[in-house]
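# Structural features, examined
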Amino acid sequence: MAAEANSNSDNLTLDKVREALIRQEDTIVFRLIQRANFPVNSPTYDEKFASFSGSLLQFVVKETEALQSKVGRYENPEEQPFFPENLPPSLVPPQANPPVLHPAAASININEKIWDFYFNQLLPLFAVPGDDGNYASTASSDLDCLQAISRRIHYGYYVAEVKFKDAPQDYEPAIRAQDREGLMKLLTFEAVEEMVKKRVEKKAAVFGQDVCLVDNGNGKCKVDPSVVSRLYGEWIMPLTKLVQVEYLLRRLD
Ligand SMILES: O=C(O)C(=O)C[C@]1(C(=O)O)C=C[C@@H](O)C=C1
């Protein structure tokens, strides 16, 4: 699927890119809810599972990415693989749309950081301890979450591109000076970040309700809304900004 906002560079506005980010919030919240249906299921992550050379999770991710690569998933710049080594080429014809992004985008993949925070910090906050034996479903649900989060974070390319195009006079001096801090300040909008955190918290509260015919459910959410707010505040938005800075640093190459 092509990026919602990338079919034509004239269509690329900050409002449109932000709308795409808002739509992706729904996907992320629903996928977390889906993963929360299973307990942690730690054998999924054992270094060696049955006859596989690594964990069951690694096997599912690598095999899924190989198939998705053949059908063109990674032809979209915001879709980045977690195991980019030795991926088979796409078998589908390339899209006719002219590229919107600077080619530097292709060299920015921060999935290692995403993998690390997802498994080491986030998952224990929303999956209950325990083992119900559903390891294959657990692994594919983890991959669904990882891909939605990764796509959202790498969408930073488009945010950065549109900000640069809107005000090259502001960005060019910081890019020429390779001034990371200066770029970070230019692209940060604290009021927007506060709004995002509040909105995703509310989405988690609304989407995560038990819907009953006789009353309004038990009031308990399937994923703690404050965890979703933390996910955005501590990881998703800082990493989206990191992608923006990395992209802008290379924007004049
Ligand atoms: O909306 C923007 O301007 C963005 O850069 C996106 C985003 C985000 O990740 O949601 C990141 C940095 C800004 O401080 C605000 C929000």
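Structural data are supplied above this passage.
What comes next concerns the included structure. Fair warning: this is a prediction, and the values are worked out from it, not measured in the lab. Position labels on residues start from 1 in each chain and follow its written sequence. Since the coordinates come from a predicted model, pLDDT governs what is reported: local features require at least 70, and pairs of side-chain atoms require 80 or more to be given and counted, while whole-chain, interface and lining totals use all residues. Heavy atoms from the whole structure form the basis of all side-chain values; hydrogens and water molecules are not counted.

### Some details on the site of the ligand
One heavy atom within 4 Å of a molecule or strand is enough for the residue carrying it to be called near that molecule or strand. Taken together, 13 residues form the shell around the ligand, and within it Arg 18, Arg 152, Lys 163, Phe 189 and Glu 193 come nearest. When the free accessible area of the ligand is taken as 360 Å², the share hidden by the protein chains comes to 99%. Those elements that provide at least two residues to the shell around the ligand are helix H5 (156-166), helix H8 (190-207) and helix H9 (225-249). Residues are sorted three ways: Asp, Glu, Lys and Arg are charged, Ala, Val, Leu, Ile, Met, Phe, Trp, Tyr, Cys and Pro are nonpolar, and all the rest, Gly among them, are polar. For the shell around the ligand, the class distribution of residues is 5 nonpolar, 3 polar and 5 charged. Surface accessibility follows the Shrake-Rupley procedure with a 1.4 Å probe radius. Residue values consider only the protein chains on display as shielding. The way it works is that DSSP assigns letters per residue, a run of H or I at least four long becomes a helix, a run of E at least two long becomes a strand, and they are numbered from the N terminus.

### Brief notes about the pattern of salt bridges
In what follows, salt bridge is the name for a side-chain nitrogen of Lys or Arg lying within 4 Å of a carboxyl oxygen of Asp or Glu. Enumeration over the complete set of coordinates arrives at 16 salt bridges. With a shortest N-O distance of 2.7 Å, Arg 251 and Glu 161 are connected by a salt bridge. Of this pair, Arg 251 sits in the segment after H9 while Glu 161 is found in helix H5, placing the two residues 90 residues apart along the sequence. The burial state of Arg 251 is the same as that of Glu 161; both residues are buried. One salt-bridge network, in which partners are shared between bridges, spans Glu 25, Asp 26, Arg 199 and Lys 203. Categorising residues by exposure relies on relative accessible area from a 1.4 Å probe, with only protein chains included: less than 20% of the type maximum marks a residue as buried, more than 50% marks it as exposed, and the intermediate range marks it as partly exposed.

### Examining the packing of helix H1 (residues 14-35) against helix H4 (residues 135-154)
Describing two packed helices takes the angle between their axes plus the distance from one axis to the other. Their axes nearest at 9 Å, the elements H1 and H4 cross at an angle of 160°. Taken together, the axes of H1 and H4 lie roughly antiparallel to each other. As for how H1 packs across H4, the hand of that crossing is left-handed. Across from Leu 21, Gln 24, Thr 27, Ile 28, Arg 31, Leu 32, Gln 34 and Arg 35 in H1, the residues of H4 making contact are Thr 138, Ser 141, Asp 142, Asp 144, Cys 145, Ala 148, Ile 149, Arg 151 and Arg 152. Tallied by class, residues from the contact of H1 with H4 come to 6 nonpolar, 5 polar and 6 charged. Under this scheme, a helix contributes an axis fitted over its contacting stretch, all axes are lines through C-alpha atoms, and angles between N-to-C directions fall in the 0 to 180 degree range. Any angle from 65 to 115 degrees is called roughly perpendicular, while one under 35 is roughly parallel, one over 145 is roughly antiparallel, and all others are oblique. Crossings are assigned a handedness: left-handed for a near helix turned anticlockwise from the far helix by less than a right angle, right-handed for a clockwise turn. Whether two residues are in contact is decided by their heavy atoms: any pair within 4.5 Å suffices.

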